[in-house]
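Listed here are the chains, written in short residue letters.
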Amino acid sequence: MKALEIRNKYLNYFKNHNHKIIPSAPLIPENDPSVLFTTAGMQPLVPYLLGEKHPEGTRLTDFQKCLRTNDIEEVGDNRHLTYFEMLGNWSLGDYFKEESIAMSYEFLTKILEIPSEKISVTCFAGDDDCPRDTVTAKCWKDVGIPDERIYFYGKDENWWIAGEEGPCGPDTEMFYDTGKEPCSEDCQPSCNCGKYVEIWNNVFMEYLKKDGKYTKLSQKNVDTGLGLERMTMLLEGKETPFDTEIFKPIMDKLEILAKKDDIASRRIVAEHLRASIMIIADGGRPSNLDRGYILRRLIRRMTRHLNKLEIDLNELDNLIELNINILNDLYPELSKKKDVIKEVIIQEKDKFMKTLIRGEREFSKVINRIKDSGKDIIDSKDIFNLYETYGFPPEVSKDLAEENGVKVDMDEVDKLFKEHQEKSRLGSEQKFKGGLSGTSEKEIKYHTATHLLNAALKEIINKDVHQKGSNITEERMRFDFSCDHKLTDEEKNKAEDLVNKWIKEDLKVSVETMKKEDALKSGAECMFIEKYPDIVTVYSIGNISKELCGGPHVKHTGELGHFKIIKEEASSSGVRRIKAVLE
Ligand code: SER
């Protein structure tokens, strides 16, 4: 079954069970610079899992574009992907375990026609924080899964939380039995031998983890995630996602073009090319920071492996074209962005080729130094430094060293890289922790202060001032807005005074849901109108501000404290930037 057919069947099934279909959020989270990429379907829905009212109701279904970057180095094996699509259905305080399990089972066995005997399930075994999930096990028995295919595991396997804190709960996972021989007498779903493949995860989100403690949320939610690429692989009867219609045409093309036979390199090129296309289409651009750096790494690694396969780099244009054609069924919007996607990838490839050439020059210097000193082994730190400073890949260093009769201790090099990776992994986890799931009271206050400042600037400068960006941390807010001049001291003082006046007035912050067109007609302000669904939430502050916004916000402006502008500067042409604090 094709991926698009699976996606359509999924959304239709849940639509027929009274779920509203909502659009995928972008891969790059909106207004949340603290998170690198959307990594799970639940991420854009965190405020609603925490109790905020969703404009489309309490039963939702969607497909969500996701990117997980912790395993970039693993791509090349037969299963790891960075970009993937997750199908999801959501109960926001509506149905719970029984209905969720009955629907999942019916969808798998009746709609996808997976034989019931091929399904095994896992449930939470229980601990001090949360009891054993016998309710879930009973629901599975009721639909027809026998005891011997119901397994219980602890938090390692059957508990879901995004990062360190936030909404979470026990989950139940569904596994597909590929029919392979068990690897041992004790072979079970938790085992990685490949007999069992996880196909769906239903999380019963009724807890909130904060400061290491679990409390009950105000509502019982269900968050489910079904990986589209994996399901396509199973239903097409393939061993790896690279053999499915999602990757096969590009894998075949690479095989024809390559002068060297290296399946891992072909997979890396195919996977990284697809992920890069998806990131660029959602506005990502290569840089040396955070998101931009991930994209840069993906394009560089892809280029390196194209080189390794001895594929003429001028083929990249055709490869991008082919990949966009393959993706067209699932993401028709890509074809409109073809030119910019090509431009960004090809420019970055060209830059990297210069890096490679420069790196080779630096490498010769290292080799000459070693030879002059009479040694016959290269210091691993030199290899690491060449990588860090010039982006020069260690495996190229290794090949060149050996060609020059110089030895390399690759274990030592790997160790240095592992240490480095561990540092970046911790960095990314910190990022996630800082995301919406961890929105603190202080950040919520800054969020409301942002709306006030926006309204104040409109009044003091002119009505054409619009928000161009925003970034909030625990310590300060940053607000970018359209304005053609540096603010005078008088303008800054007036803006500050007006915000503080509104704070003193303790204005009520209210939220309502309405049709997007009605919201716009009513004069509500918003940054990117096309990015909002047809039904939107609108936050109003007294009668001074009205904006389309996902929240969260304080209830009354009096909660904010004293507002102070600490800096006003240029951001880019025609855009000014204010940094401010609440004291
Ligand atoms: N949040 C869960 C996951 O990402 C289910 O959607 O697996």
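Above this text sits the structure in question.
Here the structure is a predicted model, which is why all the values come from computation and not from measurement.

## Section: the overall build of the chain
Okay, step 1: Looking only at helices and strands, the chain features 17 helices and 16 strands.
Okay, step 2: A globule of 583 residues ought to have a C-alpha radius of gyration of about 25 Å, and the chain, at 26 Å, matches this closely.
Okay, step 3: Expressed as lengths along the three principal axes of its C-alpha atoms, the size of the chain is roughly 75 × 70 × 45 Å.
Okay, step 4: Each of the 583 residues in the chain was classed as buried or not, and the buried ones make up 52%.
Okay, step 5: In the chain, once contacts between residues fewer than 6 apart in sequence are set aside, the share between residues at least 24 apart is 71%.
Okay, step 6: For the chain, the exposed surface amounts to about 27100 Å²; the carbon and sulfur share of it is 47%.
Okay, step 7: Averaging the locations of the 88 positively and 105 negatively charged side chains of the chain gives two centres separated by 3 Å.

## Focus on the site of the ligand
Okay, step 1: Taken together, the residues surrounding the ligand are A40, M42, R68, M86, W160, N201, V203, D223, T224 and G225.
Okay, step 2: Between the ligand and R68, the relevant distance is 3.4 Å, taken from an oxygen atom to a side-chain nitrogen or oxygen of the residue.
Okay, step 3: W160 places a polar side-chain atom, nitrogen or oxygen, 3.4 Å from an oxygen atom of the ligand.
Okay, step 4: Protein burial of the ligand: of its 230 Å² of free accessible surface, 94% is covered by the chains.

## Quick look at helix 1 (residues 3–16)
Because an α-helix packs 3.6 residues into every turn, residues spaced three or four apart end up facing the same way.
Okay, step 1: Here helix 1 spans 20 Å end to end across 14 residues, near enough to the 20 Å set by a 1.5 Å rise per residue.
Okay, step 2: Those residues of helix 1 that fall on the buried side of the exposure criterion are A3, I6, R7, Y10, L11, Y13 and F14. Take helix 1 and look down its axis: the buried residues cluster within an arc of 160 degrees, on one side only.

## Let's talk about the pairing of strand 11 (residues 477–482)
Okay, step 1: The buried fraction of strand 11 is high, at five of six residues.
Okay, step 2: Relative to strand 11, strand 10 (residues 467–472) runs antiparallel, the two being bridged by five bridges. Its bridge partner being in strand 11, S470 is matched across the sheet by F479.
Okay, step 3: Counting the residues between successive antiparallel strands, the hairpin from strand 10 to strand 11 contains four residues.
Okay, step 4: In this sheet, strand 16 (residues 575–582) lies alongside strand 11 in antiparallel orientation, the contact comprising six bridges. Residue pairing in the sheet places M477 in a bridge with A580 of strand 16.

## Looking at the pairing of strand 3 (residues 83–92)
Okay, step 1: The element strand 3 is extensively covered by neighbouring structure, given that 10 of its 10 residues are classed as buried.
Okay, step 2: On strand 3, burial covers both faces: Y83, E85, L87, N89 and S91 on one face and F84, M86, G88, W90 and L92 on the other are all buried.
Okay, step 3: Here strand 2 (residues 59–67) runs beside strand 3; their pairing, made up of nine bridges, is antiparallel. Each residue of the ladder has a partner; that of L60, found in strand 3, is W90.
Okay, step 4: Pairing of strand 3 with strand 9 (residues 213–227), which is carried by five bridges, proceeds in the antiparallel orientation.

## What to know about the pattern of salt bridges
Okay, step 1: A full pass over the atoms with the stated rule returns 39 salt bridges.
Okay, step 2: The partner of E99 in a salt bridge is R59, with the nearest N and O atoms 2.7 Å apart. Of this pair, E99 sits in helix 3 (residues 97–111) while R59 sits in strand 2; the two residues are 40 residues apart in sequence, bridging distant segments of the chain.
Okay, step 3: K155 is the partner of D129 in a salt bridge, and the nearest nitrogen-oxygen pair spans 2.5 Å. Of this pair, D129 sits in the loop between strand 4 (119–124) and helix 4 (134–143) while K155 sits in helix 5 (residues 155–158), placing them 26 residues apart in sequence.
Okay, step 4: Using a relative accessible area of 35% as the deciding quantity, one classes D129 as partly exposed.
Okay, step 5: Residue class for K155 comes out partly exposed when judged on its relative accessible area of 24%.
Okay, step 6: Through salt bridges with shared partners, a single network forms among D317, E321, K338 and K342.

## Looking at the state of the cysteines
Okay, step 1: A full pass over the atoms with the stated rule returns zero disulfides.
Okay, step 2: Of all cysteine sulfurs, the one in C168 lies closest to C130, which takes part in no disulfide; the gap is 9.0 Å.

## What to know about the side chain of T355
Okay, step 1: One can find T355 in helix 11 (residues 338–372).
Okay, step 2: If near-sequence neighbours (up to four positions away) are discounted, T355 is found in contact with R300, Y390 and G391.

## Focus: the packing of helix 8 (residues 263–281) against helix 11
Okay, step 1: Between helix 8 and helix 11, the least distance of the axes is 10 Å, while the angle of their chain directions is 120 degrees. The angle between helix 8 and helix 11 falls in the class oblique. Seen from above, helix 8 lies across helix 11 with right-handed handedness. Mapping the contact onto sequence places L273, S276, I277, I280 and A281 in helix 8 and V340, I341, V344 and I345 in helix 11.
Okay, step 2: Considering only residue class, the contact of helix 8 with helix 11 consists of eight nonpolar, one polar and no charged.

## A closer look at the packing of aromatic side chains
Okay, step 1: According to the stated counting rule, one finds 20 aromatic pairs in the structure shown.
Okay, step 2: Judged by centre distance (6.4 Å) and plane angle (10 degrees), the rings of Y151 and Y153 are stacked.
Okay, step 3: Note on Y153: relative accessible area 13%, which makes it buried.
Okay, step 4: Here the aromatic rings of F363 and F392 are separated by 6.1 Å at their centres, their planes lie at 35 degrees, and the arrangement is tilted. With F363 in helix 11 and F392 in the loop between helix 12 (380–390) and helix 13 (394–403), the pair connects residues that are 29 residues apart, well separated along the chain.
Okay, step 5: Put simply, the rings of Y10, Y13, F14, F107 and W200 pair up and form one aromatic cluster.
Okay, step 6: Here the guanidinium or amino end of K155 rests over the ring plane of W159, the centre of that ring lying 4.9 Å away.

## Thoughts on the nonpolar core
For soluble globular proteins, the rule of thumb is that nonpolar side chains tend to be buried together.
Okay, step 1: Grouped together as the largest cluster of nonpolar side chains are 83 residues, with contacts concentrated most on L108, W140, I277, L306, L334, I341 and I345.
Okay, step 2: Counting residues per element, this core draws most heavily on helix 8, which supplies nine residues.
Okay, step 3: Among residues more than four places away in sequence, those in contact with L334 are I277, M278, A281, I324, L327 and I341.
Okay, step 4: Formed by 33 residues, the second largest nonpolar core is a distinct cluster that contains F481, A495, V499 and F563.

Parameters at a glance
- Residues numbered from 1 in each chain as written.
- Predicted model: local features only at pLDDT ≥ 70, side-chain atom pairs only at ≥ 80, totals over all residues.
- Heavy atoms only, no water.
- Helix = DSSP H or I, 4+ residues; strand = E, 2+ residues; numbered from the N terminus.
- Rg over C-alpha atoms; globule rule 2.2 N^0.38 Å.
- Buried < 20%, exposed > 50% of the residue type's maximum accessible area, 1.4 Å probe, protein only.
- Contact = heavy atoms within 4.5 Å.
- Areas by Shrake-Rupley, 256 points an atom, 1.4 Å probe, with all protein chains shown as cover.
- Lys, Arg positive; Asp, Glu negative; His and termini not counted.
- Charge placed at Lys NZ, Arg CZ, Asp CG, Glu CD.
- Near = heavy atom within 4 Å.
- Polar contact = N/O pair within 3.5 Å; in protein donor to acceptor, adjacent residues only side chain to side chain.
- Expected span 1.5 Å × (residues − 1).
- Arc of directions from axis to C-beta.
- Pairing = 2+ DSSP bridges.
- Salt bridge = Lys/Arg side-chain N within 4 Å of Asp/Glu carboxyl O.
- Disulfide = S-S within 2.5 Å.
- Axes fitted to C-alpha atoms, helices over the stretch in contact; angles between N-to-C directions.
- Parallel < 35°, antiparallel > 145°, perpendicular 65-115°, else oblique.
- Left-handed = near helix turned anticlockwise from the far one by under 90°.
- Nonpolar A, V, L, I, M, F, W, Y, C, P; charged D, E, K, R; others polar.
- Phe/Tyr/Trp six-rings, centres within 6.5 Å; stacked < 30°, edge-to-face > 60°.
- Lys NZ or Arg CZ within 6 Å of the ring centre and 35° of its normal.
- Core = buried A, V, L, I, M, F, W, Y, C linked by side-chain atoms within 4.5 Å.

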